[in-house]
Amino acid sequence: LAFLEGIRPGDMLPVPTPAGPRAMRVEGIFVDYLGSLDQGAIAVSTQQMAALWGDRSANLYRLWLRPGTDASTVRTAVLRRLGAGYYAITSRQFLDAVRAILDTLFAATWALVAVAGIVSVIGVVNVQLATVLDRAPEIGMLRTIGVTRADVVWSVLIECGTLGLLGGMLGFVLGGLLSAQFVTISLRRVTGWRIPYDLPVGPLLGVVAAAGLVSAIAGWVPAWAAARSEAHQRSID
C-alpha cells in the first residue's frame, strides 16, 4: 500500500470506520508477506480494533521482537498460550518456504536450458558449416599461399568461440535488464514485496565463458569440414 500510494511514515491516512472516515497517522511501514496482495493492508492495534470497529476477534497476529530476543522461545510461549489449533512461524521460516517453492519451480527450467544448449550447438554447427562450404575457394587460396591446415582449423574454432562469447555477453546484458525489471518493478507491483535484487556477476561471467567454450567445441565439425574442403578442392583442381 505504501509503495502503490506513495505513503511515508508520519503521513495522515484516511481509514473508513463504522463512524465514518478517520485520519490516522502512519507510524511505520513493513513488508506484508501474509496480507492482501492487491492493494496492500493496514495494521492497527487490537485496542483500536475494539474501540473503532467493535471487533475483538483475530485470526492473525504479528509480533515484532526486540533485537536479541530468541524467536524460538517466543514461538514456544505463543503456542503454549494460544493452545491447540494454532501455529506460529517466523518470517525466516516463511521466506525459506517461499524459496523452496521457487527452487522447485525453477528446477524445471534446467530442462529448458539443456534444450536451448543443444539447439545452440546445432545452430553453430550448421551456420559455420555452411559458411565454411561457401568459403572453400578462399580456404584453398589460403592454403596455396602457405597457410597450414592447423591454422585453418584454429581460425574456424576461434570464430565459433567468438560467436559464442558474443551471444553469451548479449544474454548477460539482456538477462540482467529483464531480471532487474521483473524483481524491482513487476514483482513489487503485484505483491508489494521488496525483494533485494542481487546479480551474481561471477557465475554469470562463468556462463559467458562456457558459452564461448561450448561454441568453440561445436566448431570442430566445421573446422574438420574446412580442412576436408581444402583437400577436396585440391583433388578437383
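See the structure printed just above.
To keep things clear, this report deals only with the structure shown in the data block.

Cut-offs used in this document
- Residues numbered from 1 in each chain as written.
- Predicted model: local features only at pLDDT ≥ 70, side-chain atom pairs only at ≥ 80, totals over all residues.
- Heavy atoms only, no water.
- Helix = DSSP H or I, 4+ residues; strand = E, 2+ residues; numbered from the N terminus.
- Rg over C-alpha atoms; globule rule 2.2 N^0.38 Å.
- Core = buried A, V, L, I, M, F, W, Y, C linked by side-chain atoms within 4.5 Å.
- Buried < 20%, exposed > 50% of the residue type's maximum accessible area, 1.4 Å probe, protein only.
- Contact = heavy atoms within 4.5 Å.
- 1 Å grid on protein atoms, 1.4 Å probe; cavity = no way out; pocket = protein on both sides within 12 Å on 5 of 7 lines; lining within 4 Å.
- Points joined across faces, edges and corners; volume = space filled by probe spheres on them.
- Nonpolar A, V, L, I, M, F, W, Y, C, P; charged D, E, K, R; others polar.
- Phe/Tyr/Trp six-rings, centres within 6.5 Å; stacked < 30°, edge-to-face > 60°.
- Pairing = 2+ DSSP bridges.
- Polar contact = N/O pair within 3.5 Å; in protein donor to acceptor, adjacent residues only side chain to side chain.
- Axes fitted to C-alpha atoms, helices over the stretch in contact; angles between N-to-C directions.
- Parallel < 35°, antiparallel > 145°, perpendicular 65-115°, else oblique.
- Left-handed = near helix turned anticlockwise from the far one by under 90°.

**Notes on the overall build of the protein**
Of regular secondary structure, the protein possesses nine helices and two strands. Helices (α) and strands (β) of the protein occur, in sequence order from the N terminus, as α-β-β-α-α-α-α-α-α-α-α. Its C-alpha atoms give the protein a radius of gyration of 31 Å, more than 25% over the compact-globule value 18 Å for 237 residues. Seen through its principal axes, the protein has C-alpha atoms that stretch 100 × 40 × 30 Å.

**Quick word on the nonpolar core**
When a protein is soluble and globular, its nonpolar side chains tend to lie buried together. Ranked by size, the top nonpolar core spans 14 residues in total, and within it V132, I139, V153, V156, A223 and A226 carry the most contacts. Put simply, the parts of the chain that give this core at least two residues each are α5 (109-134), α7 (149-191) and α9 (220-236). When residues no more than four places from it in sequence are discounted, the contact partners of A226 are V132, I139, V152 and V156. One finds V15, M24, V26 and L52 within the second-largest nonpolar core, a separate group that totals six residues.

**Quick look at the layout of surface pockets**
For the largest pocket, the calculated volume is near 1900 Å³. Considering the residues around the largest pocket, the lining is formed by 45 residues, among which F106, G175, S179, P200 and L204 are closest to the centre. Put simply, the parts of the chain that give the lining of the largest pocket at least two residues each are α4 (91-107), α5, α7 and α8 (201-218). When residues in the lining of the largest pocket are grouped by element, the largest group, 13 residues, is from α7. Tallied by class, the residues present in the lining of the largest pocket amount to 29 nonpolar, 12 polar and four charged.

**Observations regarding the packing of aromatic side chains**
All chains considered together, the criterion is met by one aromatic pair. Plain terms: the ring middles of F30 and W64 are 5.3 Å apart, the flat faces sit at 80° to each other, and that makes the pair edge-to-face. Of the two residues, F30 is situated in the loop between β2 (22-25) and α2 (46-53) and W64 in the loop between α2 and α3 (71-82); the sequence distance between them amounts to 34 residues.

**Quick word on the pairing of strand β1 (residues 12-15)**
Across the two faces of β1 the burial differs, with L13 and V15 buried and M12 and P14 not buried at all. Judged from the four bridges that link them, β1 and β2 form a sheet pairing that is antiparallel. Across the sheet, the residue bridging to P14 is A23, located in β2. In this antiparallel pair of consecutive strands, β1 and β2, the connection spans six residues, and G20 shows a positive phi of 110°.

**With respect to the side chain of T17**
Mapped onto the elements of the fold, T17 is located in the loop between β1 and β2. There is a polar contact of 2.4 Å between the side chain of T17 and the backbone oxygen of G20. Beyond its immediate chain neighbours, meaning those up to four positions away, T17 contacts R22 and W53.

**A short note on the environment of I89**
Here I89 shows up in the loop between α3 and α4. Expressed as a C-alpha distance, the spacing of I89 and V121, which sit 32 residues apart in the sequence, is 47 Å. With sequence-adjacent residues up to four places away left out, I89 is seen in contact with R75 and F94.

**With respect to the packing of α5 against α8**
At their nearest, the axes of α5 and α8 sit 9 Å apart, and the two run at 50° to each other. Comparing the axis directions of α5 and α8 gives the class oblique. Helix-helix and strand crossings are classified by hand; for α5 and α8 the assignment is right-handed. Between α5, through V121, V124 and V125, and α8, the contact on the second element is made entirely by V214, S215 and A218. A breakdown of the residues in the contact of α5 with α8 according to their chemical character gives five nonpolar, one polar and no charged.

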